[in-house]
Amino acid sequence: MTVMPIEANFSELLQKPKDTVARMQGSVRRGIRLHRRDDEDLYLTTAARADEATQVVDSTTRIFVAMMKSDPQATKILTHVFPDAFPWVRFLPEAAVREFLVEFVESARAAVDLDNVNLLAPVIAAWKSTALIHADTELHRALITPASEDLGPVEPPEVHSE
């Protein structure tokens, strides 16, 4: 059963905060997606619910780390079942699936330690892009074929200070 998220416009939260928060608290997910006209949507939830999500990532990660440390077979088993969680890993070579698993678990530990589980999203996105490259045989071939000529010096990237 898929639970549809509760949604509202950001202006509804501003105009009717009690009603909007009541809708959020009455939802199964205890959260509400707030659409903003000129910016990225927001997701409003309670602090307790956000803490619970972080705790789930933390405890799951600790289980994986403990399994991988205590039994070398655990990494092999987890690599084997990883496609159930990430179906697109089927396009990665087996060694890359193991590499993704290790990076995923290590990044999850670091993200929880920094109290920001959103740091895991770029790791998943990068590996998904890698799987897309492996799935496209022409693109993969083009990317692994050495250039036939020297394309000249590469300019250093610009440094942006914030």
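The written sequence of each chain sets the order in which its residues are numbered from 1. Whole-chain, interface and lining totals are the exception, using all residues; otherwise, since this is a predicted model, local features are given only for residues with pLDDT of at least 70 and side-chain atom pairs are given and counted only at 80 or more. Computation of side-chain values: all heavy atoms of the structure, hydrogens and water removed.

Undergrad: Can you walk me through a nonpolar patch on the surface in this structure?
TA: A surface patch of nonpolar side chains, about 290 Å² in accessible area, is lined by L139, L143 and I144. Using a 1.4 Å probe on the protein chains alone, a residue whose accessible area is under 20% of its type maximum counts as buried, one over 50% counts as exposed, and one in between counts as partly exposed. L139 gets classed as partly exposed once you look at its relative accessible area, which sits at 37%. Distance thresholds for patches are 9 Å for like charges and 5 Å for nonpolar side chains (Val, Leu, Ile, Met, Phe, Trp, Tyr), applied to residues having over 30% relative accessible area and no salt bridge. All accessible-area figures derive from a Shrake-Rupley calculation using a 1.4 Å probe, and residue coverage is judged against the displayed protein chains alone. By definition, a salt bridge exists where a carboxyl oxygen of Asp or Glu is found within 4 Å of a side-chain nitrogen of Lys or Arg.

Undergrad: Honestly, the nonpolar core in this entry has me stumped. Any pointers?
TA: Generally speaking, a soluble globular protein has its nonpolar side chains buried in company with each other. By nonpolar core is meant a set of buried Ala, Val, Leu, Ile, Met, Phe, Trp, Tyr and Cys residues that side-chain atoms within 4.5 Å join together. Formed by 20 residues in total, the largest nonpolar core has its most connected members in F82, W88, V89, L92 and F100. Under the scheme used here, helices are H or I runs from DSSP no shorter than 4 residues and strands are E runs no shorter than 2 residues, and both carry numbers assigned from the N terminus. Residue assignment for this core shows that the elements contributing at least two residues are α3 (47-70), α4 (72-85), α5 (94-113) and α6 (120-135). When residues in this core are grouped by element, the largest group, eight residues, is from α5. Core analysis: the second largest hydrophobic core is formed by five residues, A8, L13, M24 and L34 among them.

Undergrad: How should α5 be read in this particular structure?
TA: Three- or four-residue spacings in an α-helix give side chains the same orientation, since the helix completes a turn every 3.6 residues. The length a helix should cover is 1.5 Å for every residue beyond the first. Helix length check: α5, at 20 residues, gives a terminal C-alpha distance of 29 Å against a target of 28 Å (1.5 Å per residue), a fit within 8%. Those residues of α5 that sit buried are A96, V97, F100, L101, F104, V105, S107, A108, A111 and V112. A positive backbone phi angle near 60° is found at D115, which sits one or two residues after α5.

Undergrad: Would you take a moment to explain the packing of aromatic side chains for this structure?
TA: Two measures describe an aromatic ring pair: the distance that separates the ring centres and the angle between the ring planes. Two rings from Phe, Tyr or Trp (for Trp, the six-membered ring) form a pair when their centres are within 6.5 Å of each other. A pair whose planes differ by under 30 degrees is stacked, one over 60 is edge-to-face, and the rest are tilted. Summed over the entire model, instances satisfying the criterion amount to nine aromatic pairs. Between the aromatic rings of F82 and F104, the centroid separation amounts to 5.9 Å while the plane-to-plane angle is 75°, which identifies the pairing as edge-to-face. With F82 in helix α4 and F104 in helix α5, the pair connects residues that are 22 residues apart, well separated along the chain. When sorted by exposure, F82 lands in the same class as F104, which is buried. When the ring of F86 is compared with that of F104, the centres are 5.6 Å apart and the planes differ by 70°; the resulting orientation is edge-to-face. Here F86, found in the loop between α4 and α5, pairs with F104, found in helix α5; they are 18 residues apart in sequence, far enough to count as distant. Aromatic rings pair up to connect F82, F86, W88, F100, F104 and W127 into one cluster.

Undergrad: What am I meant to see in the sheet that holds strand β1 (residues 6-9) here?
TA: Backbone-to-backbone hydrogen bonds pair the strands of a sheet. The strands run either parallel or antiparallel. Strands qualify as paired when DSSP identifies two bridges or more between them. As summarised here, the arrangement of the three strands in space is β1-β2-β3, forming an open sheet in which the pairing is mixed. The open sheet is flanked by β1 and β3 (42-45), the only strands paired with a single partner. Across the sheet, the axes of successive neighbouring strands diverge by a mean angle of 30°, strand direction being ignored. When β1 meets strand β2 (residues 31-35), the two strands line up parallel, connected through four bridges. The residue bridging N9 from the neighbouring strand is H35, located in β2. Should any heavy atoms of two residues lie within 4.5 Å, those residues are considered in contact. Angles run from 0 to 180 degrees between N-to-C directions of axes, and those axes are lines fitted to C-alpha atoms, restricted for helices to the stretch in contact. Contacts from helix α2 (residues 17-25) reach β1, β2 and β3 within the one sheet, and its direction differs from that of β2 by about 130°.

Undergrad: For this particular structure, what's the right way to read the pairing of β2?
TA: Successive side chains on a regular strand alternate, one facing one side of the sheet and the next facing the other. The pairing of β2 with β3 spans four bridges and is classified as antiparallel. For R33, the partnering residue across the bridge sits in β3 and is Y43. Hairpin geometry of β2 and β3 is characterised by an intervening segment of six residues between the two adjacent antiparallel strands.

Undergrad: Teacher, can you tell me more about the pattern of salt bridges here?
TA: Pairs can form between side chains of opposite charge whenever their charged atoms are close. Applying the stated criterion to the full structure yields five salt bridges. The partner of R62 in a salt bridge is D58, with the nearest N and O atoms 3.0 Å apart. Here R62 and its partner D58 are both found in helix α3, four residues apart, which amounts to about one turn of the helix. Across the pair R98 and E94 runs a salt bridge, and its minimum N-O distance is 3.3 Å.

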